[in-house]
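Structural features, examined
For reference, the chains in residue letters:
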Amino acid sequence: MPSLAVAEASNAAFCPSYIPVAVVVGGTSGVGQAMAEALARQTNGRAHIIIVGRNATAAAEILATFPKPTDSDADGWAHEFVQCDALSMASVRAVCASLLSRLKRINFLVITAGGPAGNSLLDCYETPEGLNAHLAMRYFMRYLFTKELLPLLVSAKEMGQHAHVMTVLGAGFGLALRTTDLGLHEAHRNSIKFLQGVFPNIAAIKGIATGVCYNDGLVAHFAAQHPDLAFTHISPGQVLTAGGSEVYLGWLLTPLTWLLNIFKRAISLTQNERAKYMLYALFDADRGLFIRGDHGDIVSAHVFSRDHKPQFDVSSPTAHKKGFLNGVPMKGYGGSDASVAGLIAYTEQVLAAILR
Ligand SMILES: NC(=O)c1ccc[n+]([C@@H]2O[C@H](COP(=O)([O-])OP(=O)(O)OC[C@H]3O[C@@H](n4cnc5c(N)ncnc54)[C@H](OP(=O)(O)O)[C@@H]3O)[C@@H](O)[C@H]2O)c1
């Protein structure tokens, strides 16, 4: 596990010969904000940084603090905000189409946006597009951003530059991927409606936990499809952010809520401290799939051969074994080749129905 000094030294050595292009979905607060700020400081503003979120006022305040390069070899730098409600897959696709039409490459796609409503355990609705709201933010929008923007990451790689997708959520727990009720519609039907808002809700708990393991499937799928690029699912650990500072379990469980929050504060780092580790992991990857812990440490990794067939072989002896990827055991990884294939088929079907 790298120490803070090692992470800082590694980040300080990041000095690409080109203007890096970074898209940070969730860059208007929390870990995403701190990562965008750290990248702006490290490059002395000599970067094209696009922060994506809903809050234009917060974005303007953040962007105003970024250093502005003045030298002529910094041509191409820009710091901008793109508004998007990522709960809506139609909005995500529209934003991606706009980025595709005007950018030539993306070096870093970082997705941190949490929510909805502070990752509430108490209630979870289905969005107008029919998605469990937690899963929409924790999985579907991350999948769609990655899929739609991949051509720009491929272009970056073809130019000999960094090309890395990082999803910041909850890596390393090795929670098994679901194989039934993938969209949690049954969980919604089974939630006790009259306790909604006052007691932890089954669809919310499952949405939060399921999003974590689906991100393992997301990085495995795209890494297999694009062996030349890097894909990371990382855990930020406990962080003092506006969206993630407090746990609320409802008034019925008030004493437990107090205890949990005291514990959470005791083990949390600030978003600026945590961003240093996240940035360390962002720069420390050439190609392959990485499951990383909250200090940027590699829990497990896998590099696919360049001639790997994009589809997993679901008839292999380990295809149904949890924690095995392409025949190799992976610590902290919750997928199996068959469950990832099932998840991706389901995801494509759901998104096609929404976006037709
Ligand atoms: N903080 C922790 O202790 C902790 C612990 C474990 C895991 N995590 C995970 O790590 C990630 C980063 O954590 P965090 O605390 O920084 O997250 P966060 O505070 O939940 O994320 C805030 C960001 O998400 C954006 N966002 C929220 N809803 C959005 C929407 N509908 N559309 C577009 N953007 C939206 C916000 O932008 P706008 O307000 O501008 O919309 C803001 O930029 C999250 O996925 C979180 O679940 C955090």
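Refer to the preceding data block for the structure.
These figures come from a predicted structure and were not determined experimentally.

**A look at the packing of aromatic side chains**
- Per the counting criterion, the structure on display carries 9 aromatic pairs.
- On the numbers, 5.1 Å between centres and 65° between planes, the contact of Tyr139 with Phe140 is edge-to-face.
- Within the aromatic cluster, the residues linked to one another by ring pairs are Tyr139, Phe140, Tyr143, Tyr214, Phe222 and Phe231.

**Things to note about the sheet that holds strand 10 (residues 298-302)**
- Spatial strand order, 3-2-1-4-5-6-9-10: 8 strands in an open sheet with mixed pairing. Two strands in the sheet have a free side with no partner beyond their single neighbour: strand 3 (78-83) and strand 10. Across this sheet, the average inter-strand angle for adjacent strands is 15°, counted without regard to direction.
- Pairing of strand 1 (residues 21-25) with strand 4 (residues 108-111) involves 4 bridges; the strand directions are parallel. When the bridges of strand 4 are listed, Ala22 appears paired with Phe108.

**A word on empty space enclosed by the protein**
- All chains considered together, the criterion is met by 1 cavity of 30 Å³ or more.
- Approximately 40 Å³ is the volume attributed to the largest cavity.
- Every residue lining the largest cavity is listed: Ala22, Val24, Met35, Ala36, Leu39, Phe108, Val110, Leu279 and Leu282.
- Put simply, the parts of the chain that give the lining of the largest cavity at least two residues each are strand 1, helix 2 (30-42), strand 4 and helix 9 (271-283).
- Looking at which element gives the most residues to the lining of the largest cavity, the answer is helix 2, with 3 residues.

**A short note on the pairing of strand 2 (residues 48-53)**
- Extensive coverage of strand 2 is indicated by the burial of 6 of its 6 residues.
- Going residue by residue along strand 2, you find His48, Ile50 and Val52 tucked away on one face and Ile49, Ile51 and Gly53 tucked away on the opposite face as well.
- Once the chain exits strand 1 it traverses helix 2 before rejoining the sheet at strand 2, and the crossover so formed is right-handed.

**Observations concerning the site of the ligand**
- Near the ligand lie 31 residues; those nearest to it are Thr28, Arg54, Asn55, Thr241 and Lys264.
- Between an oxygen atom of the ligand and a main-chain N or O atom of Val31, the distance comes to 2.8 Å.
- With respect to the ligand, the backbone of Gly114 contributes an N or O atom lying 3.4 Å from an oxygen atom.
- Summarising the interface, the protein chains cover 90% of the accessible area of the ligand, which totals 880 Å² for the free molecule.
- Considering each element in turn, the shell around the ligand owes the most residues, 3 residues, to helix 5 (residues 133-158).
- Taken together, the residues of the shell around the ligand sort by class into 10 nonpolar, 16 polar and 5 charged.

**Observations regarding helix 4 (residues 89-102)**
- With 14 residues, helix 4 extends 20 Å from end C-alpha to end C-alpha; this agrees with the ideal 20 Å at 1.5 Å per step.
- Here helix 4 has its buried residues at Met89, Val92, Val95, Cys96 and Leu99. Considered in projection along helix 4, the buried side chains sweep an arc of 125° and stay on one side of the axis.
- Those residues of helix 4 hidden inside the fold are in contact with strand 2, strand 3, helix 5 and helix 10 (337-355).

Calculation criteria
- Residues numbered from 1 in each chain as written.
- Predicted model: local features only at pLDDT ≥ 70, side-chain atom pairs only at ≥ 80, totals over all residues.
- Heavy atoms only, no water.
- Phe/Tyr/Trp six-rings, centres within 6.5 Å; stacked < 30°, edge-to-face > 60°.
- Pairing = 2+ DSSP bridges.
- Helix = DSSP H or I, 4+ residues; strand = E, 2+ residues; numbered from the N terminus.
- Axes fitted to C-alpha atoms, helices over the stretch in contact; angles between N-to-C directions.
- 1 Å grid on protein atoms, 1.4 Å probe; cavity = no way out; pocket = protein on both sides within 12 Å on 5 of 7 lines; lining within 4 Å.
- Points joined across faces, edges and corners; volume = space filled by probe spheres on them.
- Buried < 20%, exposed > 50% of the residue type's maximum accessible area, 1.4 Å probe, protein only.
- Right-handed = clockwise from strand over helix to strand, strands pointing away.
- Near = heavy atom within 4 Å.
- Polar contact = N/O pair within 3.5 Å; in protein donor to acceptor, adjacent residues only side chain to side chain.
- Areas by Shrake-Rupley, 256 points an atom, 1.4 Å probe, with all protein chains shown as cover.
- Nonpolar A, V, L, I, M, F, W, Y, C, P; charged D, E, K, R; others polar.
- Expected span 1.5 Å × (residues − 1).
- Arc of directions from axis to C-beta.
- Contact = heavy atoms within 4.5 Å.

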